[in-house]
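Understanding the architecture of this molecule
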Amino acid sequence: MAKSVADFMEQIVARNAGEKEFHQAVHEVVESLWPVLDQRPEYRKAKVLERICEPERVILFRVPWVDDAGEVQVNRGFRIEMNSAIGPYKGGLRFHPSVNLGILKFLAFEQVFKNSLTTLPMGGGKGGSDFDPKGKSDMEVMRFCQSFMSELFRHIGADTDVPAGDIGVGGREIGYLFGQYKKLRNEFTGVLTGKGLNWGGSLIRPEATGYGSVYFAAEMLGTRGETLEGKTCIVSGSGNVAQYTVEKLLDLGAKPVTLSDSNGFIHDPAGLDREKLAFVMQLKNIRRGRIKEYAEKFKGATYAQIDPSVGHNPLWSVKAQCAFPSATQNEINARDAANLVGSGVYVVSEGANMPTTPDGVKLFLDKKILYGPGKAANAGGVSTSGLEMSQNSLRLSWSREEVDQRLHGIMKAIHKACVEAADAFGTPGNYVNGANIAGFLKVADAMMDQGVV
Ligand code: NDP
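Residues numbered from 1 in each chain as written. Predicted model: local features only at pLDDT ≥ 70, side-chain atom pairs only at ≥ 80, totals over all residues. Heavy atoms only, no water.

The protein goes by Glutamate dehydrogenase in an unreviewed UniProt entry, where it is assigned to Eiseniibacteriota bacterium. A UniProt comment under Sequence similarities (unreviewed entry) is attached to the protein, and it reads "Belongs to the Glu/Leu/Phe/Val dehydrogenases family." You can read under Subunit (unreviewed entry) in the UniProt record for the protein the words "Homohexamer." (UniProt positions renumbered as here; feature names shortened; annotations may be inferred.)

Written out as structure tokens, the structure is:
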């Protein structure tokens, strides 16, 4: 049995060689949980931590498809079914060339704790492919999705495993995936979330992750008697999460001033408004263009290309009070984190999953800023996916107001659970410990109840 965090991590690294993002995610959680295990030796005896770090099932498959030129392409498909102690596996699909086993295992692992925090009965999973939708025609994306689902359909189901979207998987992809599932299974069920409104989707699902991360920031500010009104906010990414983060910031009177993609970022000191956001949505969701065009269209806005070789991203040096990283993992390193704090940021709400490196997280915690880690702050997306599953089971559709109200209520409940768990284990204000501990306890107790399975 492991005697220390370092000892435990040595075993994890040896068993999961080369999966560095997975090691990173496990390390952060295990550090938070070690004091809990000291207080609850029954978890140690039942090897709950060892079991929670081992996926219940990993599915890896070939995805062959034919491109528009008639050439055969071969991609790799994955589904990680991480933990089903509190409900069916639930978590998104990511289509991005960087996708590999380690990245999906980190995401599935995070998802277990996140889903537990939502108050809804959902286990954790994640999947995807190294397919790159960028530059592909709609027909190529459709053929790829059909081939992907031709294998995945055997492993998923409304009561077994319910995938959703993530990077590179939006409404278009979910449509093609759902169509193929329905054809193969000959059944119309809520097997995927993020569906279109006419065929089982939920209002507010596209908005949910971004809205939720802003609600979480508002709750954190509330602990200091402050609101988002008038605050300058920097947002990274320009996809689903970033777009609806900006929308909710505008609703609450804040001033979002940046957006980015993997090539560069725009800075608009006058602030984005609804008209500018509508342009971004058209640019990114319909024309599938690059964020650079924003600076060509709107006077006063500037565009800067990102140069990965310089070791930091100047986006995180823009003067602001709040930051909403909403692009991808490890987009804020220690230097970026220092730049953020140095330029006045004291609220970080993570829309993306694990966007901050461990050194960056340490700096945020040392400086005692309001830091909401992704597994709490971006849980609004999967929460609303859970609400979509409930509506599908009821064969009912709730109104926009009803779903938004439930989402808001869930984000407040997650915030409260994090604050209480952090307090109870002697680290008040530490949302990292709060989220990890509160998320873990529910899953661990369910695993104890269900025996060694
Ligand atoms: P989208 O595909 O809609 O947008 C992703 C954005 O991030 C794009 O602007 C993209 O730029 C940028 N990006 C992606 N990869 C990189 C990279 N390696 N370096 C720099 N920029 C990058 O995805 P989402 O908005 O759905 O997801 C964003 C983040 O939020 C992810 O971490 C995801 O896991 C997380 N998340 C999403 C949820 C959801 O409901 N969608 C739920 C919870 C978390 P480019 O166009 O150049 O690739």
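More follows now that the structure is in view.
A word on the layout of surface pockets. There is about 440 Å³ of room inside the second largest pocket. In terms of lining residues, the second largest pocket is bounded by 24 residues, among which Gly190, Met389, Gln391, Asn392 and Ser393 are the most central. Classifying every residue of the lining of the second largest pocket by side-chain character gives eleven nonpolar, ten polar and three charged. (1 Å grid on protein atoms, 1.4 Å probe; cavity = no way out; pocket = protein on both sides within 12 Å on 5 of 7 lines; lining within 4 Å. Points joined across faces, edges and corners; volume = space filled by probe spheres on them. Nonpolar A, V, L, I, M, F, W, Y, C, P; charged D, E, K, R; others polar.)

Here the focus is the packing of helix H8 (residues 208-222) against helix H9 (residues 240-251). It is the contact of H8 with H9, at a shortest axis distance of 7 Å, that shows an interaxial angle of 45 degrees. Classified by the interaxial angle, the pair formed by H8 and H9 is oblique. In the packing of H8 onto H9, the handedness of the crossing is right-handed. Along its contact with H8, which presents Thr209, Gly210, Tyr211, Ser213, Val214 and Tyr215, the element H9 presents Val241, Tyr244, Thr245, Glu247, Lys248, Leu249 and Asp251. (Axes fitted to C-alpha atoms, helices over the stretch in contact; angles between N-to-C directions. Helix = DSSP H or I, 4+ residues; strand = E, 2+ residues; numbered from the N terminus. Parallel < 35°, antiparallel > 145°, perpendicular 65-115°, else oblique. Left-handed = near helix turned anticlockwise from the far one by under 90°. Contact = heavy atoms within 4.5 Å.)

As a further point, take helix H17 (residues 431-450). Since one α-helical turn is 3.6 residues long, residues separated by three or four positions face the same way. Between its first and last C-alpha, H17 extends 29 Å over 20 residues, near the 28 Å set by a 1.5 Å rise per residue. Two or three places before valine 432, at the opening of H17, asparagine 430 has a side-chain oxygen 3.0 Å from that residue's backbone nitrogen. With its phi angle positive at about 80 degrees, glycine 451 sits one or two positions after the end of H17. (Expected span 1.5 Å × (residues − 1). Polar contact = N/O pair within 3.5 Å; in protein donor to acceptor, adjacent residues only side chain to side chain.)

Here serine 236 shows up in the loop between strand S6 (232-235) and H9. Classification of serine 236 by relative accessible area gives buried; the value is 1%. Polar contacts involving the side chain of serine 236 include one to the main-chain amide nitrogen of serine 326, which spans 2.9 Å. (Buried < 20%, exposed > 50% of the residue type's maximum accessible area, 1.4 Å probe, protein only.)

As a further point, take the UniProt feature "binding site: NAD(+)" (unreviewed entry) in the protein. When the UniProt feature table is mapped onto this chain, "binding site: NAD(+)" (unreviewed entry) is found at Thr209 and Asn240. These annotated residues cover 32 residues of sequence, and their C-alpha atoms all fall within 8.2 Å of one another, placing them together at a single site. Following the sequence through the fold, threonine 209 ends up in helix H8. For threonine 209, the residues in contact, after removing those within four places along its chain, are Val241, Gly351, Asn378, Gly380 and Gly381. Along the polypeptide, asparagine 240 turns up in helix H9. Given the relative accessible area of 38%, asparagine 240 is considered partly exposed.

This paragraph deals with the packing of aromatic side chains. Across all of its chains, the model carries 20 aromatic pairs by this definition. Considering the side-chain rings of phenylalanine 109 and phenylalanine 113, the 5.0 Å spacing of their centres and the 65 degrees angle between planes classify their relative orientation as edge-to-face. Pair noted here: phenylalanine 109 and phenylalanine 113 are both in helix H5 (residues 101-117), with a separation of four residues, about one helical turn. Its relative accessible area of 1% is what places phenylalanine 109 among the buried residues. Residues tyrosine 211 and tyrosine 215 carry aromatic rings whose centres are separated by 6.5 Å and whose planes lie at 75 degrees to one another, so their mutual orientation is edge-to-face. Taken together, the positions of tyrosine 211 and tyrosine 215, both in helix H8 and four residues apart, correspond to about one turn of that helix. (Phe/Tyr/Trp six-rings, centres within 6.5 Å; stacked < 30°, edge-to-face > 60°.)

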